[in-house]
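Here is what each chain is made of, one letter per residue.
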Amino acid sequence: MTRHVAIVGSGPAGFYCAEALCKKDPEVRVDIIDRLPTPYGLVRSGVAPDHQGTKNVWRVFDRTAMRDNVRYFGNVEVDRDVSVAELLERYDAVVLAVGVTEDRPLGIEGENLPGVYGSRQLSGWYNGHPDFSDLDPELRGPGIAVIGNGNVAIDVVRVLSRERDEMVKTDIPDYAMRKIESSEYTDIYMLGRRGPAQASFTTAELRELGEMTRTVAIVDPAQVPDEVHIDDPKQQKKMEKIVETLRSYSLDRPDDKPQRLHMRFFAAPVRILGEDHVTGLEVAVTELVDGRLKETGETYVIEVGTVVTAIGYLAKPLEGVPVATWGTCFENDAGKIADRLYAVGWAKRGPSGVIATNRGDSGDVAAKVYDELEDGGRAGGDGLAALLRERGVRVVDYAGWGKIDERERGAATEPTPRVKITSMADLLAAGE
Ligand SMILES: Cc1cc2nc3c(=O)[nH]c(=O)nc-3n(C[C@H](O)[C@H](O)[C@H](O)COP(=O)(O)OP(=O)(O)OC[C@H]3O[C@@H](n4cnc5c(N)ncnc54)[C@H](O)[C@@H]3O)c2cc1C
């Protein structure tokens, strides 16, 4: 008899888990369910459009999707169209690979003002995610503050800083490019609460900030340490490169290019100013005392009309599946949530790590799923398809995604890779 596994979420974690299960046993039937008609999760809708090389990992996932024992159920949302309990009735195991969906709030006054956006919203918007394609962010100047010191903050800064010529080889939707080039901000402030040696961005991403044609990256030389001392030798090397890159930015002149990126460290946002929209951001100067972050008591205001937060994400519970008390993933024990129910990827460990991190992690959970997998005589994908038909859900299968993909590529002219379809109605029509 056949054993059936449902994987909810077609991002990297879901696909890596499917592949690992198929490698263990090609007889296991694996169904991948996603709320969008389009697969690949944040590879399509989070990774910045000017990082097409990174997005190319979809080819690996495509090979998995094409396996005979793998089936894709797009446009099927768990908790809207089907519940986890109903999946457990039909599958021998259910793996939740739904990622994390909420922007972590700053928790400061003014954060609900128009003109404050989370990086999840903004990166979804400039990636054509149908939930965010109507966002139409204000992008008001003279300055834009991007809060955070990780790679996502750098992505947001870079996309907001580039000009059209730098984006022709990307799939940024035209509405986003037009908005960015017609907005009149001249200064972007990237703020980190801690120092350069504590920043979590990587050297390659940081270096790209020095290669933009319209925007010059500048750093206050007083904020760049002469030396860094970290116990871990690998981390020491990485930090030395980061500090060296920042030192080179500290030599740049603000008038070298028409737009400036100010990288500010030891800067904690304390209040967003404005009556009916953002007019400024009050920032507290911080310092590290014995490794602990403290405010010095000094504050300053930067004149910004838009604030983007890139300080992490929170998970959303599904019916019967609670989120851990710290908020960033489902409650689970090394991937196990309950009998026959598992989590992988960001849903399992919270929003950390790159695409490749999910590979090993999903492999570990897949091994556990496989070890515990028993044939319960369940109906699997045919049972799910029957239920969805009964409920009038329009399932977009992998062939349907193929039609969307073909339409998007066909609409693009070299060197643009694709013109993304960005509304649900148009995606569903293209996937017919
Ligand atoms: C803005 C941003 C930029 C990034 N850039 C890079 C980068 O350049 N390089 C890199 O290596 N990593 C990058 N990452 C990290 C990388 O994207 C993650 O490590 C990875 O996507 C996590 O995979 P996942 O499968 O757990 O989640 P996701 O990729 O988020 O996939 C979750 C999937 O679940 C689906 N889903 C959610 N809820 C439901 C539901 N209720 N029912 C059905 N389906 C559902 C979603 O539609 C989605 O397809 C970036 C992350 C972000 C946020």
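This one's a predicted model, so the numbers in the text were calculated from it and none came from an experiment.

Peer 1: So what's going on with the nonpolar core? Residues and values would help.
Peer 2: Counting 114 residues, the largest nonpolar core has I7, C17, V95, L96, V146 and A347 as its most contacted members. The biggest single contributor to this core is helix α1 (residues 12-24), with 8 residues. Two domains each donate at least three residues to this core, and these are domain 1 (4-101 + 315-395) and domain 2 (103-313). Dropping the residues within four chain positions of it, V146 is found in contact with A153, V156, V157, I188, Y189, M190, V308 and A310.

Peer 1: Pulling in residues and values, what's your account of the site of the ligand?
Peer 2: Inspection of the region around the ligand gives 34 residues, with G9, G11, G41, G99 and G345 positioned closest. Of all the elements in the fold, those that place two or more residues in the shell around the ligand are α1, β2 (29-34), α6 (119-126), α7 (151-161) and α11 (346-349). Take the shell around the ligand: its biggest share by element is 3 residues, from α1. Of the residues that constitute the shell around the ligand, the class distribution is 15 nonpolar, 14 polar and 5 charged. Taken together, domain 1 (4-101 + 315-395) and domain 2 (103-313) each give at least three residues to the shell around the ligand, which thus spans both.

Peer 1: Just give me the short version of the sheet that holds strand β7 (residues 143-147), but keep the residues and values in it.
Peer 2: Strand order in the open sheet formed by 6 strands is β6-β14-β7-β8-β10-β9, with parallel pairing between adjacent strands. Strands at the two margins of the open sheet, each flanked by one partner only, are β6 (116-118) and β9 (215-219). Ignoring strand direction, the axes of neighbouring strands in this sheet form an average angle of 20 degrees. Here 3 bridges tie β6 to strand β14 (residues 306-309), and the two strands are oriented parallel to one another. Bridge pairing links G118 to T309 in β14.

Peer 1: Quick one: what's the story with the sheet that holds strand β3 (residues 70-74), residue by residue and with numbers?
Peer 2: For sheets, the rule is that strands pair by backbone hydrogen bonds, running either parallel or antiparallel. What the 6 strands build is an open sheet, ordered β3-β2-β1-β4-β17-β16; its pairing is mixed. Single-partner strands in this sheet number two, and they are β3 and β16 (336-338). Geometrically, the sheet is characterised by an average inter-axis angle of 25 degrees between neighbouring strands, direction not taken into account. Direction of pairing for β2 relative to β3: parallel, over a ladder of 5 bridges.

Peer 1: Explain the domain arrangement of the protein to me, using residue names and the numbers behind them.
Peer 2: When its domains are assigned, the protein resolves into domain 1 (4-101 + 315-395) and domain 2 (103-313). Here the C-alpha centre of domain 2 lies 32 Å away from the C-alpha centre of domain 1. Each partner contributes residues to the interface: domain 1 has 10 residues there, and domain 2 has 17 residues. Here the residues of the side of domain 1 that touches domain 2 sort into 5 nonpolar, 3 polar and 2 charged.

Peer 1: Requested: an account of the packing of α1 against helix α12 (residues 357-372), with residues and values cited.
Peer 2: As a packed pair, α1 and α12 sit with axes 8 Å apart at the nearest point and diverge in direction by 50 degrees. In terms of orientation, α1 and α12 fall into the oblique class. The way α1 lies across α12 gives a crossing that is right-handed. Contacts between α1 and α12 involve P12, A13, Y16, C17, A20, L21 and K24 from the former and N358, R359, S362, G363, V365, A366, V369 and Y370 from the latter. Partitioning the contact of α1 with α12 into residue classes produces 10 nonpolar, 3 polar and 2 charged.

Peer 1: Lay out the environment of S423 with the relevant residues and their values.
Peer 2: You can see S423 is positioned in the loop between α14 (398-410) and α15 (424-430). A count of 12 C-beta atoms within 10 Å places S423 in the exposed class. For the pair formed by S423 and G128, sequence separation is 295 residues and the distance between their alpha carbons is 8.1 Å. Ignoring any residue separated from it by four or fewer positions in sequence, one finds S423 in contact with P130 and S133.

Peer 1: Which residues make up the packing of α6 against α7, and what values do they have?
Peer 2: Closest axis-to-axis distance for the α6/α7 pair is 11 Å, and the angle between their directions is 45 degrees. Judged by the angle between their axes, α6 and α7 are oblique. The two elements α6 and α7 meet at a crossing, and its hand is left-handed. For the pair α6 and α7, contact is made by S119, L122, S123 and Y126 and by V152, D155, V156 and V159, respectively. Broken down by class, the residue content of the contact of α6 with α7 amounts to 5 nonpolar, 2 polar and 1 charged.

Peer 1: A description of the environment of I404 should follow, citing residues and the corresponding values.
Peer 2: Looking at the secondary structure, you find I404 in helix α14. Remark: the alpha-carbon pair of I404 and E432, spanning 28 residues in sequence, is separated by 8.7 Å. Look past the residues within four positions of I404 in its chain and what remains in contact with it is P37, T38, I421, L427, A430 and G431.

Reading the values: rules and limits
Residues numbered from 1 in each chain as written. Predicted model: local features only at pLDDT ≥ 70, side-chain atom pairs only at ≥ 80, totals over all residues. Core = buried A, V, L, I, M, F, W, Y, C linked by C-beta atoms within 7 Å. Buried ≥ 20, exposed ≤ 12 C-beta atoms within 10 Å, placed from the backbone. Helix = DSSP H or I, 4+ residues; strand = E, 2+ residues; numbered from the N terminus. Domains from an automatic or database assignment. Contact = placed C-beta atoms within 7 Å. Near = placed C-beta within 6 Å. Nonpolar A, V, L, I, M, F, W, Y, C, P; charged D, E, K, R; others polar. Pairing = 2+ DSSP bridges. Axes fitted to C-alpha atoms, helices over the stretch in contact; angles between N-to-C directions. Parallel < 35°, antiparallel > 145°, perpendicular 65-115°, else oblique. Left-handed = near helix turned anticlockwise from the far one by under 90°.

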